[in-house]
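Letter by letter, the chains look like this.
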Amino acid sequence: MKIKALKLLTLVCLLIACALPVLFLSGRASSEPDPSLAGIGLGSLETFNTNYKAWEAEYLKKGGDQNMVLAMGWFKGLSTGNSYASGLAKFNLVEGNVSVAINGLSKDEGWDVWLVDSAAGRSISLESDDNMWRLGSLKHEGKVATLIASPGKDVFKTFDMDLVIVTKAGKNPIEDRTLIGTTSLFHRVYRSGQRGQFGVLADADPARTEPDKRGFFQRMIDTISPTASAQIGPVPNATTPLQQSIARGRLSFFNETFNGNGRTCGTCHRENGNLTIDAEFIDDLPPNDPLFVAEFVPALANNFENPVLMRKFGLILENADGFDNPASNFVMRGVPHTLALLQNTLTPVGPVPGATPNPDGSIPSQDGTTTPPNERTGWGGDGAPGTGTLREFIIGAIVQHYPKTLNRQAPGDFRMPTTGELDDLEAFQKSLGRRADLNLAAMQPKFKNEVVKKGVEIFNNGGSVLGGSDAGAGKCFFCHLNAGGSDFFFPGQNANFNTNVEGLPAQPADLVPGQLNPQDGGFGRNGISPTGGFGNGSFNTPVLVEAADTGPFFHNNSIETIEGAVDFYNSTAFNTSPGFGALIGGIKLEATEVVAVAALLRVINVLENERSARDLIDRIKIATSQAQAKELADLAVAEIDDAIEVLEGGGLHRPAQKDFAKARGNAQKAGSLANASQRITEANKALANLTTAKDDIIDP
Ligand code: HEC
Ligand code: HEC
């Protein structure tokens, strides 16, 4: 793993260690496209950088390395046994202190805490060549089991922690893994910069990073060190380490089956379908597409998917509350897109001040959920196993969707990802879509369509809650601030609400005879929701900018059109919902007002299509091969098609539709040309037509 140049490099890097993450992620100053950005598809380095910076600011605010907090929990697929206990492991990496506090562990048994530095290139499942270190034993004080240790500041200079594990006393993590906590990619990016010990945390799989054979963190240093880059030599398509990571993550997302049933993340999250899938897309798939494994793999014929509801409505079976009783314990959910996984759509609402922990050890949050889960993923906001982070969601998805049999054991039914693969997949997902939330109020006067302007007014009208009148008050921004996933009452945080979508009568999937479609209790797996199903009944607020072209809507795909989704807020179901519906004085919109809000949602989606298409076409201009240009052109065409369809569906901006159609033609042609300079000419025409289309919608 270690190479000679690294020592020298470490010296250089020590000097600038503190500035590294900033330097490394500061992005390009010029507006010229960077050649190396071709080849990461819908991924974008800028998006990754923005996400990282938001994370870093938050991390520093909370104390940085003096207060690195890892959530501990039961981790689907990696934990042994099935524990509801959870807690926190807090590290002061500067002073070398650790404190662990876990709720919900049996007092009748002893428990040890281990730190693990996974061997590079190995599955995150524990193996004998992983560096495992027993930190000490937990001691019960009342309900809480705690351990305080001061291993000293030097320890964390050489020991690059990947996992914290609670085992039964006397067992090592290969034998027992009751609770697990993991670091995140951003933690690791940050810490590598802080310490100057870059080689140590080299967890990328050498076989996957040929020819340079270096770990992810070693390669990352090369971003700021031209000498080191020169040693790697050019890697096609993505020349800086981070771009390589995003590019590898993309390959993995769309191609890696993890030795499972043949599915990949891209089976359901299609790159040319906004990273989601709907019934229309499913109609065009061949019968042997791995999406349909339940139809042709006998071991998956029962209790794995519901092929009827999948084909009719694009619904996927999720054992959201665990794999016990799979015949009845499941819910049917639509596939959300994975765009704009911005920090504020992952961050849970903060704790109830002074609240005592729940019996399972979790901390009550102000929106009625708990932490952990530590990040809000999936429709319930509790999608990820274990500590509930986007990183762990990858493992949850493999265990849920990839198995060869319902035993769901690795190895055999699938394999676990390596730490490097988790890094890469996380990097790709954090690089997708929008970089920031909109500012709807600032955009309002610039919109050219009066109906859209009205839409903003209704969307941002708080009615009687803010002392005004309820007439024409959409109150949408209370929960979807600036059409994102964060909240007016909990800014920067992604709240859960029970809006009672489950309470709608005549949901399409309920009308199909003979198909079991259990009530979905949303967040959590404890208790019965007031609106039915296991959980507290709340769902996580989704982002809306990307909504109009990713229908059907809501967690159960119950509404087909965006107008219908806005009209949901007029329903008795919403206005009597135990969540916020009644609290905010209800919502009552006239038919024209519903259309105005929907027009707004259509137009902001189209502007995002335009931004994304522009980004892709910019990269056609610097593509290094026609194959690459074609790939980018196809993705741009998919975005432009969406823009046209979304405008057409609302009878909006006919001139823009025509210009989008021209841009589509240009993009398609650019992708078909072997000659690079002809490609550039055609791409420029596409960009010009995109500009004209955009000008029809909004003033610059
Ligand atoms: C068989 C279809 C299928 C496959 C394969 C699949 N997903 Fe998903 N994905 C879904 C569904 C359904 C949901 C909603 C889950 C929920 O609400 O709990 C989802 C949700 C997500 C989310 C949450 C998005 C958000 O906005 O909160 C992420 C992230 C995600 N998937 C990533 C992945 C990754 C990474 C893989 C591959 C390792 C993958 N998915 C494989 C169907 C799939
Ligand atoms: C009390 C909080 C709250 C308010 C107010 C609210 N929403 Fe929502 N919205 C949610 C939640 C939570 C979901 C997810 C519900 C589900 O899937 O069960 C959601 C989902 C949606 C969706 C579906 C998105 C998708 O991708 O499927 C749309 C569209 C939407 N809301 C639009 C609006 C509009 C327009 C308004 C104002 C008229 C509004 N919302 C007001 C909380 C709210």
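Residues numbered from 1 in each chain as written. Chains lettered and ligands numbered in written order. Predicted model: local features only at pLDDT ≥ 70, side-chain atom pairs only at ≥ 80, totals over all residues. Heavy atoms only, no water.

1. Some thoughts on the coordination of the iron atom of ligand 2
Formally: Note: metal donors comprise N, O and S atoms at 2.8 Å or less from the metal (3.2 Å for Na, K and Ca); water molecules are not included, so apparent gaps in a site are possible. Metal sites are grouped by the angles between bound donors: all angles between 85 and 135 degrees with four donors is tetrahedral, opposite donors over 155 degrees apart with the others between 65 and 115 is square planar for four donors and octahedral for six, and any other pattern is irregular. To qualify as a helix, a DSSP run of H or I must reach at least 4 residues; to qualify as a strand, a run of E must reach at least 2; elements of each kind are numbered from the N terminus.
Around the iron atom of ligand 2, the protein contributes the donor atoms His480 (NE2) and Tyr569 (OH), at 1.9 to 2.1 Å from the metal centre. Its six donor atoms give the iron atom of ligand 2 angles of 85 to 179° at the centre, a pattern that matches the octahedral case. Pair noted here: His480 is in the loop between helix H17 (450–459) and strand E13 (496–497) and Tyr569 is in the loop between helix H19 (562–567) and helix H20 (572–575), with a separation of 89 residues, a long-range link.

2. Side note on the nonpolar core
Rules: Only buried residues count toward a nonpolar core. Its members are Ala, Val, Leu, Ile, Met, Phe, Trp, Tyr and Cys residues joined through side-chain atoms within 4.5 Å. Exposed residues in this analysis have more than 50% of their type's maximum accessible area, buried residues have under 20%, and partly exposed residues fall in between, with area computed by a 1.4 Å probe over protein chains only. Contacts between residues were defined by any pair of non-hydrogen atoms, one from each residue, lying within 4.5 Å.
Counting residues in hydrophobic clusters, the biggest one holds 139 residues, and the most contacted among them are Phe91, Leu138, Phe447, Phe459, Ile617 and Phe660. Examining the composition of this core, we find that 15 residues originate from one element, helix H21 (residues 591–620), more than from any other. Residues contacting Ile617, with those up to four places away along its chain left out, are Ala636, Ile640, Ala667, Ala683, Ala686, Leu687 and Leu690. Judged by nonpolar contacts, the second largest core, of nine residues, contains Ile277, Leu285, Leu291 and Phe292.

3. Observations regarding the side chain of Asp659
When you line up the elements, Asp659 lands in helix H23 (residues 654–672). Asp659 has contacts with Asn689, Thr692 and Ala693, leaving out every residue within four places of it along the chain.

4. Notes on the packing of helix H22 (residues 626–649) against H23
Formally: For helices, the fitted line uses only the C-alpha atoms of the stretch in contact; every axis is such a line through C-alpha atoms, and the angle between N-to-C directions lies from 0 to 180 degrees. For classification purposes, angles smaller than 35 degrees are called roughly parallel, those larger than 145 roughly antiparallel, those between 65 and 115 roughly perpendicular, and all remaining angles oblique. Helix crossings get a hand from a simple test, with the near helix turned counterclockwise from the far one by less than a right angle marking a left-handed crossing and a clockwise turn marking a right-handed one. In the scheme used here, Gly and all other residues not listed as nonpolar or charged are polar, with Ala, Val, Leu, Ile, Met, Phe, Trp, Tyr, Cys and Pro taken as nonpolar and Asp, Glu, Lys and Arg as charged.
Following both chains from N to C, one finds H22 and H23 inclined at 165°, their axes separated by 8 Å at the closest point. With respect to H23, the axis of H22 lies roughly antiparallel. In terms of crossing hand, the pair formed by H22 and H23 is left-handed. Between H22, through Gln626, Ala629, Lys630, Ala633, Val637, Ile640, Asp641, Ala643, Ile644, Leu647 and Glu648, and H23, the contact on the second element is made entirely by Ala656, Gln657, Phe660, Ala661, Ala663, Arg664, Ala667, Gln668, Gly671 and Ser672. Looking at the contact of H22 with H23 residue by residue, the class counts come to 12 nonpolar, five polar and four charged.

5. Points about the sheet that holds strand E8 (residues 179–182)
For the record, the criterion: Any two strands with at least two DSSP-identified bridges between them are counted as paired.
If you walk across this open sheet you meet the eight strands as E1-E2-E3-E6-E5-E4-E7-E8, and the pairing is antiparallel. Each of the sheet's edge strands pairs with one partner strand only, and the pair in question is strand E1 (68–72) and E8. Ignoring strand direction, the axes of neighbouring strands in this sheet form an average angle of 20°. The sheet contact formed by strand E7 (residues 163–168) and E8 spans four bridges and is antiparallel.

From the geometry alone we can't say anything about function, so treat these as descriptive.
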